[in-house]
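# Fold and contact review
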Amino acid sequence: MDCNKSAQAVESFTILLYNIHMKLTLIIAEKDDGISLKEFLSRQGYSTTQIKRFKYSGEMTVNGHPTTVAQILKTGDTLILATDERLTTPSFASNPAEIVFADQYLYVAAKPYGVAIHPDRAHKSETLGNMLATTFGNGFQLRIVTRLDKTTSGLVLGALDEITAQKLNTLQHGHGIVKSYVALVEGLVESDGEVTLPLTRMDGQNKTVVDISTGKQSHTVYRVHEKRENTTLLNVTPITGRTHQIRAHLSAIGHPIVGDTLYGAQKDTRIMLHCERLTFIHPYTGEQVDLKLPADF
């Protein structure tokens, strides 16, 4: 994917996107003929809360006429949905975010190492959220779908409106978004493998540990990419999505990530973990989006 072209695309639609009310237009397919609007929205993955927002504070029309959730839909009907969002733009950062892919619904950004995603008391102005606000301009609201720790770099997926965020979150819960990482670990890993040790969070600590009795099912797959002097570069895919899952699992098999002293690494340096690849089916076009951002280690 050409990052420069993507950035130009962002500039071309940002002004339009935030100076008109964002609406989603759907054409009813034959498989949904004869069902109610409420049932249709549920099938699309919208929550009860989201449906209520359409009903009470947004807009719903079928073929140009205001409607209710009891409306029976027919093949070929044009459904328009909108929500009355009250947007709060994060403060701008000194630099914009690097955009790898963007259209009028969603974006994929490159998160640098050491940068938090969400502004908070500890990180008020130079987070990825602030950088994205600088990129997209006034009216931007942060809706990150695939999160990364501050100490992890790589690809992050976000939505440009609440409707798209709902659809992407549903896709993610159904394992329809695949994230692949590269990790430089201590020691020489002999062969490809997987880790299925159950994990749990330590009380009062920002750390995840293996707990056979009470831990949640966790699954990480890894492949040896390159053996170096006393380190190994791995391609890692988390099948489940536990907090610090990759870090905890690799440490548990005796190969902590280089720089990750919280999980047993010898040297306190940059944590060598990077989300290199992001693959998902676009919720509106149905096309597969497959993006790659190589690591710099």
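Positions within a chain are numbered from 1, following the residues in the order the chain's sequence is written. This being a predicted model, a pLDDT of at least 70 is required before a residue's local features are given, and a value of 80 or more before pairs of side-chain atoms are given or counted; all residues contribute to the totals for chains, interfaces and linings. No hydrogens and no water enter the side-chain calculation; it runs on all heavy atoms of the structure.

### Section: unusual backbone geometry
Condition: Helical segments are the DSSP runs of H or I of at least four residues, strand segments are the runs of E of at least two, and each set is numbered from the N terminus.
For His-175, which is not glycine, the phi dihedral falls at a positive 60°. As for its placement among the helices and strands, His-175 is situated in the loop between α5 (162-173) and β8 (177-186). Phi at His-244 is positive, roughly 60°, even though this residue is not glycine. As for its position among the elements, His-244 is in the loop between β13 (231-238) and α6 (245-252).

### What to know about the sheet that holds strand β1 (residues 24-27)
Across a sheet, paired strands are connected by hydrogen bonds in the backbone, their directions being either parallel or antiparallel. Definition in use: For two strands to be treated as a pair, DSSP must find no fewer than two bridges joining them. Contacts are residue-level and defined by heavy atoms, with any inter-residue pair within 4.5 Å sufficient. For helices, the fitted line uses only the C-alpha atoms of the stretch in contact; every axis is such a line through C-alpha atoms, and the angle between N-to-C directions lies from 0 to 180 degrees.
Within the open sheet, the four strands sit side by side as β1-β4-β2-β3. Their pairing is antiparallel. In this open sheet, the two strands that pair with only one neighbour each are β1 and β3 (65-66). Where strand β2 (residues 58-62) and strand β4 (residues 78-83) come together, five bridges link them in antiparallel fashion. The partner of Gly-58 across the bridge, within β4, is Thr-83. Helix α3 (residues 48-57) contacts β2 and β4 of the sheet and is inclined by roughly 85° relative to β2.

### Structural notes on the pairing of β13
Rules: Partly exposed describes any residue whose relative accessible area lies between the buried limit of under 20% and the exposed limit of over 50%, with all areas from a 1.4 Å probe on protein chains only and scaled to the type maximum.
Extensive coverage of β13 is indicated by the burial of seven of its eight residues. Bridge count for β8 against β13 is six bridges, and the pairing is antiparallel. For Val-185, the partnering residue across the bridge sits in β13 and is Thr-232. Examined bridge by bridge, strand β12 (residues 220-227) and β13 share seven bridges and lie antiparallel to one another. Along β13, the bridge assignment pairs Tyr-222 with Val-236. Hairpin geometry of β12 and β13 is characterised by an intervening segment of three residues between the two adjacent antiparallel strands and by a positive phi of about 65° at Asn-230.

### A short note on the nonpolar core
Threshold: By nonpolar core is meant a set of buried Ala, Val, Leu, Ile, Met, Phe, Trp, Tyr and Cys residues that side-chain atoms within 4.5 Å join together.
One finds Tyr-107, Val-108, Leu-132, Leu-157 and Ile-257 to be the most contacted residues of the largest nonpolar core, which totals 58 residues. The leading source of residues in this core is β8, at six residues. Sequence-distant contacts of Leu-132, that is, excluding residues within four places in its chain, are made with Ala-97, Ile-99, Tyr-107, Ala-109, Phe-140, Leu-142 and Ile-144. Within the second largest apolar cluster, 17 residues are counted, among which are Ile-35, Phe-40, Tyr-46 and Leu-81.

Fair warning: the whole summary comes from geometry, so function is off the table for now.
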